[in-house]
Amino acid sequence: MRIAKEFGIASDRVIIARQEDGSLLLRPAVPKMSLIETLDWMKTLEPIDDFPGDPGDDDLPRLDDVVL
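Cut-offs used in this document
All residue numbers refer to positions counted from 1 along the written sequence of the respective chain. With the structure being a predicted model, the display of local features is reserved for residues of pLDDT at least 70 and the display and counting of side-chain atom pairs for 80 or more, all residues being used for whole-chain, interface and lining totals. Side-chain metrics in this entry use all non-hydrogen atoms of the structure; hydrogen atoms and water are not considered. Numbering of helices and strands runs from the N terminus; a helix is a DSSP stretch of H or I covering at least four residues, while a strand is a stretch of E covering at least two. Our radius of gyration looks at C-alpha atoms and nothing else; its globule reference is 2.2 Å times the residue count to the power 0.38. Burial classification: accessible surface area is computed with a 1.4 Å probe over protein chains only, and a residue below 20% of its type maximum counts as buried, one above 50% as exposed, and the rest as partly exposed. The predictor rates its confidence in each residue with pLDDT, a number between 0 and 100. Two joining distances apply to patches: 9 Å for like charges and 5 Å for nonpolar side chains (Val, Leu, Ile, Met, Phe, Trp, Tyr), and every residue must have over 30% relative accessible area and no salt bridge. Working definition of accessibility: Shrake-Rupley area with a 1.4 Å probe, residue cover restricted to the visible protein chains. Should a side-chain nitrogen of Lys or Arg be within 4 Å of a carboxyl oxygen of Asp or Glu, the pair is scored as a salt bridge. Pairing between two strands requires that DSSP report at least two bridges joining them.

1. A few points about the overall build of the protein
Along the backbone of the protein there are one helix and two strands. Ordered by position in the sequence, the α and β elements of the protein form the string β-β-α. Relative to the compact-globule value of 11 Å for 68 residues, the protein shows a C-alpha radius of gyration of 24 Å, a clear excess of over 25%. Taking all 68 residues of the protein together, the buried fraction comes to 0%.

2. Comments concerning the confidence of the model for the protein
Here the protein averages 84 in pLDDT, and 93% of its residues register 70 or above. Per-residue pLDDT, averaged within each element of the protein, yields its smallest value for strand β2 (residues 24–28) (90) and its largest for helix α1 (residues 35–43) (93).

3. Some details on a nonpolar patch on the surface
A contiguous nonpolar patch, built from M33, L35, I36, L39, W41, M42 and L45 and spanning about 740 Å² of accessible area, is present on the exposed surface. Inspection of the secondary structure puts L39 in helix α1.

4. Observations concerning the environment of D65
Among the structural elements, D65 can be located in the segment after α1. When the C-alpha positions of D65 and A29 are compared, they lie 54 Å apart, and in sequence the two are 36 residues distant.

5. Quick notes on the pattern of salt bridges
The full count for this structure, using the stated rule, is two salt bridges. Notably, a salt bridge pairs K43 with D40, separated by 3.7 Å at the nearest N-O pair. Within this pair, K43 and its partner D40 are both found in helix α1, separated by three residues, close to a single helical turn. Taking relative accessible area as the criterion, K43 reaches 67% and is therefore assigned exposed. Looking at D40, the relative accessible area reads 40%, which means it is partly exposed.

6. Points about the environment of L63
Within the secondary structure, L63 sits in the segment after α1. Since its relative accessible area comes to 76%, L63 is described here as exposed. Measuring from C-alpha to C-alpha, the distance between L63 and G22 comes to 59 Å, with 41 residues separating the pair along the chain.

7. Some details on the pairing of strand β1 (residues 14–18)
Here five bridges tie β1 to β2, and the two strands are oriented antiparallel to one another. Considered in β2, the bridge of I15 is made with R27. Between β1 and β2, which pair antiparallel one after the other, the connecting turn spans five residues, and G22 there sits at a positive phi close to 95°.

Shown next, in the form of structure tokens:
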């Protein structure tokens, strides 16, 4: 698809979406990370000690008390 130079997108891939009014929206396609890239990125994150709002296990019965 050829578009005017002033509307050029600095990407060789785009996503085209049709809006409710029938107009088209073009945006650059963001390349997805591979599994290895994702795992490498996750290694750079700080560990989470506790999730906010975590209720904890205080109200749960002890495993020794559970009868199946």
